[in-house]
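Descriptive analysis of the structure
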Amino acid sequence: MIRWFLALGMGMGMLAATNGASAVDEVTPNVVLGIHGGIGEDKKDMTPELEEKVRAALHAALKAGKAKLDAGGSGLDAVEAAIRVMEDDPVLNAGKGAVFTHEGRNELDSSIMDGKTKKAGAVASVTIVKNPISAARAVMEKSKHVMLIGRGAEVFATRQGLEIVDPAYFWTEFQWKAIQDVWKKEAEAKKQSGDASDALEIPIAKPHYGTVGAVALDKDGNLAAGTSTGGMTNKMFGRIGDSPIIGAGTYADNETAAISCTGHGEFFIRYSVSHEIVAQIKYKKVSAKEAVEDVINRQLKDINAEGAAIVLDKDGKFTTARNSEGLYRGWITADGKVQVRVYDE
């Protein structure tokens, strides 16, 4: 297999982090649900039609999660409901809109965590589970494990009565064209180099960093967080990013905050990003805004790792940080006020 330039860590996908991009949203109080739909497209590639679809997807997810809270549901209920909506929307890289691996498959990862009990569940490399976030919750609540992967996760989800689909369900024209473009560039580069080995390193265009996530605070003061993804365009078969890993892409702790991340997963794993944010709040006694800004816009930016995180603290204060140009994100307050953003707004 052709190795794509050090997992693309040194390719064009990392340029955004070196171009000075860094941003945090203002702290918004009284938030009960916050979501993100990944870093998404660079602004130059964004069309009005796509932006409209992204905003609609975020609005729908916020409404679904808030409805659960208004009905007396838990933070876990809200997180699962919001993420299911985003998994079902082909405009986002999770569930229906998942990117393709190097072999032309859609492999999905997801996780969820309860801030009260610290219980968590995750699935990885699933190919037939329609809503991986529901499978992750089932692992948390109906098994003695935290993570199940591949065929084992699929069998478990089937036995739990979750909706199972043909792998073709996840095919979308947009993502299929994206992987075909990658294959074409790889073939051309290999031909020009005359290197027939699988070790040829080829810098290619920016990968699609797509992840969706949600954080919630319910009426009982319990926090929850969840994350779901189709991974990274052209990833190696079996590659697992940060999204299903507790402490990397997802974390919730009633004493501090709930976090969901998106970006170049290898770095988020190495830096235990979501747990690092919680640890700074808990032990350094800094605010959630200070913690997430330090981790995303200093620690990760210093190593050219592109990404973002959304944070909802125990008092209902919501903020985000990113070192990328954009971040599909939104939040809703207890009284129903909705805010959705894509870039700096």
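Heads up: these notes are all about the structure in this document. This structure is a prediction, so every number in the text was calculated from the model and none was measured.

Time to look at the environment of alanine 252. With respect to the element layout, alanine 252 can be found in strand β10 (residues 250-252). Setting aside anything within four residues of it in sequence, one finds alanine 252 in contact with Met113, Asp114, Gly115, Lys118, Leu223, Ala224, Ala225, Ala257 and Ala258.

A few words on the nonpolar core. Formed by 35 residues in total, the largest nonpolar core has its most connected members in Ile259, Val273, Ile277 and Ile296. With six residues, helix α9 (residues 288-302) is the single largest residue contributor to this core. Apart from residues no more than four positions distant in its own chain, isoleucine 259 is found in contact with Val215, Ala225, Gly249, Thr250, Tyr251, Ser274, Ile277, Val278, Ala309, Ile310 and Val311. Within the second largest apolar cluster, 32 residues are counted, among which are Leu62, Val79, Val91 and Ala216.

A separate point is the sheet that holds strand β2 (residues 23-24). With antiparallel pairing, the five strands of this open sheet are ordered in space as β2-β13-β12-β11-β10. Edge positions in the open sheet fall to β2 and β10, since each of these has one partner strand only. Sheet analysis places strand β11 (residues 257-263) next to strand β12 (residues 307-313), joined by seven bridges and oriented antiparallel. Note on β12: the bridge partner recorded for cysteine 261 is alanine 309. Most of the contacts of helix α8 (residues 273-284) go to β11, to which it runs at about 145 degrees, and overall it touches β10, β11 and β12. Those strands touched by α9 are β2, β12 and β13 (318-322), and its axis lies near 15 degrees from that of β13.

Next up on the list: the pairing of strand β4 (residues 108-114). Most of β4 is tucked away: seven of the seven residues are buried. Covered by surrounding structure in β4 are Leu108, Ser110, Ile112 and Asp114 together with Asp109, Ser111 and Met113, the residues of both alternating faces. Inspection of the sheet shows β4 paired to strand β5 (residues 120-126) by five bridges, in the antiparallel sense. The residue of β5 that forms the bridge with methionine 113 is alanine 120. What sits between β4 and β5 in their antiparallel hairpin is a turn of five residues, with lysine 118 showing a positive phi close to 65 degrees. The pairing of β4 with strand β9 (residues 223-232) spans six bridges and is classified as antiparallel. By the bridge assignment, serine 110 is partnered in β9 with serine 228.

For the rest of this paragraph, the subject is the packing of aromatic side chains. All chains considered together, the criterion is met by four aromatic pairs. For the ring pair tryptophan 176 and tryptophan 183, a centre distance of 5.5 Å and an interplane angle of 90 degrees mean the geometry is edge-to-face. Tryptophan 176 gets classed as partly exposed once you look at its relative accessible area, which sits at 25%. The class for tryptophan 183 is partly exposed, based on a relative accessible area of 27%. Ring pairing ties together the aromatic residues Phe100, Trp176 and Trp183, which thus form one cluster. We note lysine 96 situated over the ring of tyrosine 169; from NZ or CZ to the ring centre the distance is 4.7 Å.

What follows is about the side chain of arginine 329. Locating arginine 329 in the fold gives a position in strand β14 (residues 329-333). On the accessibility criterion, arginine 329 (1% relative accessible area) is buried. Polar side-chain contacts of arginine 329 include one of 3.3 Å to the backbone oxygen of valine 342. The contacts of arginine 329, once residues within four sequence positions are left out, are Asp25, Ile35, His36, Leu58, Thr320, Arg322, Gln339, Val340, Arg341, Val342 and Tyr343.

Reading the values: the criteria
Residues numbered from 1 in each chain as written. Predicted model: local features only at pLDDT ≥ 70, side-chain atom pairs only at ≥ 80, totals over all residues. Heavy atoms only, no water. Helix = DSSP H or I, 4+ residues; strand = E, 2+ residues; numbered from the N terminus. Contact = heavy atoms within 4.5 Å. Core = buried A, V, L, I, M, F, W, Y, C linked by side-chain atoms within 4.5 Å. Buried < 20%, exposed > 50% of the residue type's maximum accessible area, 1.4 Å probe, protein only. Pairing = 2+ DSSP bridges. Axes fitted to C-alpha atoms, helices over the stretch in contact; angles between N-to-C directions. Phe/Tyr/Trp six-rings, centres within 6.5 Å; stacked < 30°, edge-to-face > 60°. Lys NZ or Arg CZ within 6 Å of the ring centre and 35° of its normal. Polar contact = N/O pair within 3.5 Å; in protein donor to acceptor, adjacent residues only side chain to side chain.

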